[in-house]
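Working through the structure, step by step
Chain by chain, the residues:
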Amino acid sequence: MAALLLRRLIQAALILLGVSFITFFLLYVLPADPVRQIAGRSATPQTVANIREQLGLDQPFVVQYGRYLFGLLQGDMGRSYLQKTDVATLIMARLPASLLLMAAGIAAELVIGLAMGVIAALWRGRAVDSGLMMTSFVTVSAPQFVVALLLLYIFAVKLGWFPIGGYGTAAHLVLPALTLGILGSGWYARIMRSSMIEVLRADFIRTARAKGLARSRVILRHALPNAILPVIAMIGIDIGIFMGGIVVVEGVFGWPGIGQLAWQAIQRVDIPIIMGVTLVSACAIVLGNLLADLVVPLVDPRIRIR
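Heads up: these notes are all about the structure in this document. The structure presented is a predicted model; accordingly, all values stated were derived computationally and were not measured. (Residues numbered from 1 in each chain as written. Predicted model: local features only at pLDDT ≥ 70, side-chain atom pairs only at ≥ 80, totals over all residues. Heavy atoms only, no water.)

1. Concerning the overall build of the chain
The criterion, for reference: Think of it this way: any DSSP run of H or I at least four residues long counts as a helix, any run of E at least two long counts as a strand, and we number them from the N terminus. Any pair of residues with heavy atoms lying within 4.5 Å of one another is described as a contacting pair. Here the accessible surface of atoms and residues is derived via Shrake-Rupley with a 1.4 Å probe, and residues count as covered only by protein chains that are part of the display. Neither His nor the chain ends is counted toward charge; the positive residues are Lys and Arg and the negative residues Asp and Glu. Here the site of a charge means NZ on Lys, CZ on Arg, CG on Asp, or CD on Glu.
Broken down by element type, the chain carries 14 helices and zero strands. The order of helices and strands in the chain, counted from the N terminus, is α-α-α-α-α-α-α-α-α-α-α-α-α-α. Dimensions of the chain along its principal axes, counting C-alpha atoms only, are 85 × 55 × 30 Å. Taking all contacts inside the chain whose residues are at least 6 apart in sequence as the whole, residues at least 24 apart take part in 75%. Total accessible area on the chain is roughly 16600 Å²; 67% of this is exposed by carbon and sulfur atoms. In the chain, which carries 25 positive and 14 negative side-chain charges, the distance between the mean positions of the two groups comes to 12 Å.

In structure tokens, the structure reads:
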């Protein structure tokens, strides 16, 4: 276990280094000029040159990237060009909202996806199975903004059950979490269906049925706990996906998380914030995969760490 953890940590460090390099390089060659955003349209060439020199943006790529890495190793993620605040402070202020939305979104997609998968497996080959699998295909293919706007229009504008946007109460959380839950439920439904079908064919299920146990007890007590094991790995991966992929949902619902912070930074070409949010999202993805690798063998004795 210790050797596996050490190997995974080394791999994680290399992945994060690669992510930082690629992101920094893409921002370096970006046609948009952050100095122009700071100086304004009426700034003189001399003013622009002075700001560029103060920020160190007149230096070669290697120098800029090396300076950024050096600061990062010391825990310094830089300062926002426009907000004049440490990037770490801005991210930490937005992170709790994103974590709350992530937890609610994962819970929603688990409830929806697992229910769909179990029902489809129990009614395999029938119209219910085909309908649910078609629905799962539609949900994983639907754009985030379409689902978000549709739910917003129906439940907030037309029915008035939930607020249009904002943050602070449970009512504000329902629609964003439901949007993420619907979008991610299809993957869980398909995995759960396949796993459930395989478990229902197992010898211990036939033995349980032969003993005369009720169908509901066989399903809930014996089949479901074993069929749900492959889902654990997906939950770990989802942690990273949610942290890096909720920009659109946070933007539509006005949710003050790091996704909205990243969107605002992209519009303003605020490079330190873009780099900071990208690295935090990458860390979440790496951590999610690491947790999945370590937890799955502990809950499923059939899997061994090699």
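Picking up where we left off.
2. Things to note about the packing of helix α7 (residues 144-158) against helix α8 (residues 170-200)
The packing of two helices is summarised by the inter-axis angle and the distance between the axes. Keep this limit in mind: Here an angle of 0 to 180 degrees is reported between the N-to-C directions of two axes, which are lines fitted to C-alpha atoms, with helices fitted over the stretch in contact. Any angle that falls under 35 degrees is termed roughly parallel, while one over 145 is termed roughly antiparallel, one within 65 to 115 roughly perpendicular, and all others oblique. Whether a crossing is left-handed or right-handed is set by the direction in which the near helix is turned from the far one by less than a right angle, anticlockwise for left-handed and clockwise for right-handed. Basically, the charged four are Asp, Glu, Lys and Arg, the nonpolar ten are Ala, Val, Leu, Ile, Met, Phe, Trp, Tyr, Cys and Pro, and anything else, Gly included, counts as polar.
Interhelical geometry of α7 versus α8 gives an angle of 135° and a closest axis separation of 10 Å. One element, α7, and the other, α8, form an angle in the oblique class. Considering only the axes of α7 and α8, their crossing is right-handed. Facing Q144, V147, A148, L151, L152, F155 and A156 of α7, the residues of α8 in contact are L175, L178, T179, I182 and L183. In terms of residue class, the contact of α7 with α8 is made up of 10 nonpolar, two polar and no charged.

3. Some remarks on the packing of helix α9 (residues 203-210) against helix α10 (residues 215-227)
At a minimum axis separation of 11 Å, α9 and α10 run at an interaxial angle of 175°. With respect to their mutual orientation, α9 and α10 come out roughly antiparallel. Residues F204, I205, A208 and R209 of α9 pack against V218, H222, A223 and N226 of α10. Of the residues in the contact of α9 with α10, the class split is five nonpolar, two polar and one charged.

4. Some words on the packing of aromatic side chains
Filter applied, for reference: In this scheme Phe, Tyr and Trp rings, the latter by its six-membered ring, pair at centre separations within 6.5 Å, and the angle between planes marks the pair as stacked below 30 degrees, edge-to-face above 60, and tilted otherwise. When a residue's accessible area, from a 1.4 Å probe over protein chains only, is under 20% of the maximum for its type it is buried; when over 50% it is exposed; and in between it is partly exposed.
This structure, assessed with the given rule, holds 11 aromatic pairs. Judged by centre distance (5.6 Å) and plane angle (90°), the rings of F25 and F61 are edge-to-face. One end of the pair, F25, is in helix α1 (residues 2-28); the other, F61, is in helix α4 (residues 61-73), with 36 residues separating them in the sequence. For F25, a relative accessible area of 37% gives the class partly exposed. A residue is classified by how much of its surface remains accessible, and F61, at 14% relative accessible area, is buried. Linked through ring pairs, F21, F24, F25, Y28, F61, Y65 and Y68 together constitute an aromatic cluster.

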